[in-house]
Amino acid sequence: QTIRITLLIDCIKDIVKVVLEKGRKAPSLHCLMVLLANNDLRNHIKENFSNIRSIYEGKIDPEIEKVINKYEKEQEDIRKVEFENKYIKLKKSWEQLESCDLSSKLKSIRNKVAAHLEITKEGQGYRLKDVSDFGLQWSDLENYIKTAKPLIFEAAFLTCFTSYDLEGNLKNHRNMA
C-alpha cells in the first residue's frame, strides 16, 4: 500500500507539473495555452503552420509554376482554417480540463504533499494517507491523463508543426510483441 500511494503521489506531482504548473518558466500545457492566447504570437505561429514549402526549385515552365503557386496558396488558406479550428477546439478542451474538479483536487494534493501533509494523525499514531483521503479513486488519475494527453499532443502539433502518433506506435509495438 505504501508503494502504491507513493507512486500515486509522484504521478500526481508530475501530472500537475506537465499540465497545470503556472510558473513563467514551467514547460506546462497551461503556460503554452497562455502563450497561444496572445493573438500576435498565435498569428505568427499560424503563418508558420500554414506555410507550404515548395519542392520545386530552379527553372520550371511558367504555366506549371502558376498552377503550383495557385495550389500552394489554396493549401495555405486551408491550413490557416485548420489551425484556427484546431486552436478553438484545443482552447475549449483546455478550459474544461483546467476548470474541472479533478484539476483542483490534483493541485491541492500536490500542494499538500509539498507541505508534508501526506501523513495523517490517527489515534495515538500516524498513517500514510489513502487515495480516498484526497477525494480520489484510483481510476481518476488514469482518466485525467487520458484527457490531458491529447491536449498536450495537439498543442505540440500546433506550435511545432508536427505530431507524433503515440497510440499508433504503441499498437505497432504490441503487434510486434
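In what follows, the structure referred to is the one given above.
What you are looking at is a predicted structure, and each value in this text was computed from that prediction instead of being measured.

Conventions used here
Residues numbered from 1 in each chain as written. Predicted model: local features only at pLDDT ≥ 70, side-chain atom pairs only at ≥ 80, totals over all residues. Heavy atoms only, no water. Helix = DSSP H or I, 4+ residues; strand = E, 2+ residues; numbered from the N terminus. Buried < 20%, exposed > 50% of the residue type's maximum accessible area, 1.4 Å probe, protein only. Contact = heavy atoms within 4.5 Å. Areas by Shrake-Rupley, 256 points an atom, 1.4 Å probe, with all protein chains shown as cover. Salt bridge = Lys/Arg side-chain N within 4 Å of Asp/Glu carboxyl O. Phe/Tyr/Trp six-rings, centres within 6.5 Å; stacked < 30°, edge-to-face > 60°. Lys NZ or Arg CZ within 6 Å of the ring centre and 35° of its normal. Core = buried A, V, L, I, M, F, W, Y, C linked by side-chain atoms within 4.5 Å. Polar contact = N/O pair within 3.5 Å; in protein donor to acceptor, adjacent residues only side chain to side chain. Expected span 1.5 Å × (residues − 1). Axes fitted to C-alpha atoms, helices over the stretch in contact; angles between N-to-C directions. Parallel < 35°, antiparallel > 145°, perpendicular 65-115°, else oblique. Left-handed = near helix turned anticlockwise from the far one by under 90°. Nonpolar A, V, L, I, M, F, W, Y, C, P; charged D, E, K, R; others polar.

A. Region of the structure containing the overall build of the protein chain. Broken down by element type, the protein chain carries 7 helices and 2 strands. Listing every helix and strand of the protein chain by position from the N terminus yields α-α-α-α-α-β-β-α-α. Counting the 177 residues in the protein chain, one finds 26% classified as buried. Here the contacts in the protein chain between residues at least 6 apart in sequence split such that 71% fall between residues at least 24 apart. For the protein chain, the accessible surface area stands at approximately 12100 Å², while carbon and sulfur atoms represent 55% of it.

B. Layout of the pattern of salt bridges. One pass over the structure, following the stated rule, counts 10 salt bridges. Between Lys-13 and Asp-10 there is a salt bridge, with its nearest N and O atoms 3.7 Å apart. Here Lys-13 and its partner Asp-10 are both found in helix α1 (residues 2-20), 3 residues apart, which amounts to about one turn of the helix. Close ionic contact of Lys-46 with Glu-84 constitutes a salt bridge, the shortest N to O distance being 3.2 Å. Of this pair, Lys-46 sits in helix α3 (residues 39-50) while Glu-84 sits in helix α4 (residues 62-99), placing them 38 residues apart in sequence. Look at Lys-46 and you get buried, because its relative accessible area is 15%. On the accessibility criterion, Glu-84 (22% relative accessible area) is partly exposed.

C. Geometry of the packing of aromatic side chains. Per the counting criterion, the structure on display carries 1 aromatic pair. Above the face of the Phe-49 ring, Arg-79 is positioned so that its terminal group lies 4.6 Å from the ring centre.

D. Broad picture of the nonpolar core. In terms of nonpolar packing, the biggest core is built from 30 residues, with Ile-12, Val-19, Leu-106 and Tyr-144 touching the most fellow members. Considering every element that reaches this core, the biggest residue donor is α1, with 8 residues.

E. How the structure looks around the side chain of Ser-103. By the secondary structure assignment, Ser-103 is in helix α5 (residues 101-114). Ser-103 sits in the buried class, given a relative accessible area of 0%. At a separation of 2.7 Å, a polar atom in the side chain of Ser-103 contacts the side chain of Tyr-144. If we ignore the near neighbours within four places in the chain, the residues touching Ser-103 are Leu-20, Leu-97, Glu-98 and Tyr-144.

F. Local environment of helix α6 (residues 138-160). For α6, which comprises 23 residues, the first-to-last C-alpha distance of 34 Å matches the rise-based estimate of 33 Å (1.5 Å per residue) to within 8%. Considered for burial, the residues of α6 that qualify are Asp-140, Leu-141, Tyr-144, Ala-148, Leu-151, Ala-155, Phe-157 and Leu-158.

G. Up close: the packing of α4 against α6. At a minimum axis distance of 10 Å, the contact between α4 and α6 shows a crossing angle of 150°. By the criterion of interaxial angle, the relationship of α4 to α6 is roughly antiparallel. Handedness of the crossing formed by α4 with α6: left-handed. Between α4 and α6, the contacting residues are Glu-82, Phe-83, Lys-86, Tyr-87, Leu-90, Ser-93, Trp-94 and Leu-97 on the first element and Tyr-144, Thr-147, Ala-148, Leu-151, Glu-154, Ala-155, Phe-157 and Leu-158 on the second. Its residues placed into classes, the contact of α4 with α6 shows 11 nonpolar, 2 polar and 3 charged.

Treat this as a map of the structure, not an account of what it does.
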